[in-house]
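# Inside the fold
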Amino acid sequence: MAGALHSDAYKRFLKALVAFRVDRSVSQAELARRLDRPPSWVAKNELGERRIDPIELAEIAVALGESPRAIFQIVEDAVAISDQNKTKS
């Protein structure tokens, strides 16, 4: 899927992912520490500069004290909203 990195659904997903982290009062630096990654890795993910794979997404969920299912719901919701917007156009 060409250009999916910057699709509306992916942008919506990233925005929700950041909110997910912020709602749990976890900074980028703290999440990076929990994942044993540099803070720049978290920042690049959240800015859309690198694509998050499903395993990394599950690891992020666990690092935020949530089940992977909870964070995958964010992806499902982002895609559903994007699909709804496409059918309205």
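Model, not experiment: these values are computed from the prediction. (Residues numbered from 1 in each chain as written. Predicted model: local features only at pLDDT ≥ 70, side-chain atom pairs only at ≥ 80, totals over all residues. Heavy atoms only, no water.)

## Here we look at the pattern of salt bridges
One pass over the full model with this rule turns up 5 salt bridges. The residue R24 makes a salt bridge to E66 at a minimum N-O spacing of 3.0 Å. Placement of R24 in the loop between α1 (8-23) and α2 (28-35) and of E66 in the loop between α4 (54-63) and α5 (68-88) is noted, with a sequence separation of 42 residues between them. Residue classification places R24 among the partly exposed positions, given a relative accessible area of 29%. A salt bridge links R34 to E30, with the nearest nitrogen and oxygen atoms 2.9 Å apart. Here E30 and R34 lie together in helix α2, a separation of 4 residues that amounts to about one turn. Residue R34 is classed as partly exposed on the basis of its relative accessible area of 40%. (Salt bridge = Lys/Arg side-chain N within 4 Å of Asp/Glu carboxyl O. Helix = DSSP H or I, 4+ residues; strand = E, 2+ residues; numbered from the N terminus. Buried < 20%, exposed > 50% of the residue type's maximum accessible area, 1.4 Å probe, protein only.)

## Overview of α2
Along α2, the positions that sit buried rather than exposed are L31, A32 and L35. Across the axial projection of α2, the buried residues extend over an arc of 100 degrees, all falling on one side. Taken together, the buried residues of α2 touch α1, α3 (39-47) and α4. (Arc of directions from axis to C-beta. Contact = heavy atoms within 4.5 Å.)

## What about the packing of aromatic side chains?
The full count for this structure, using the stated rule, is 1 aromatic pair. Where Y10 meets F13, the ring centres are 5.5 Å apart and the plane angle is 55 degrees; that geometry is what we call tilted. Of this pair, Y10 and F13 both sit in helix α1, 3 residues apart, roughly one helical turn. A single burial state applies to Y10 and to F13, both of which are buried. Here the guanidinium or amino end of R24 rests over the ring plane of F20, the centre of that ring lying 3.7 Å away. The side chain of R37 reaches across the aromatic face of W41, ending 4.3 Å from its centre. (Phe/Tyr/Trp six-rings, centres within 6.5 Å; stacked < 30°, edge-to-face > 60°. Lys NZ or Arg CZ within 6 Å of the ring centre and 35° of its normal.)

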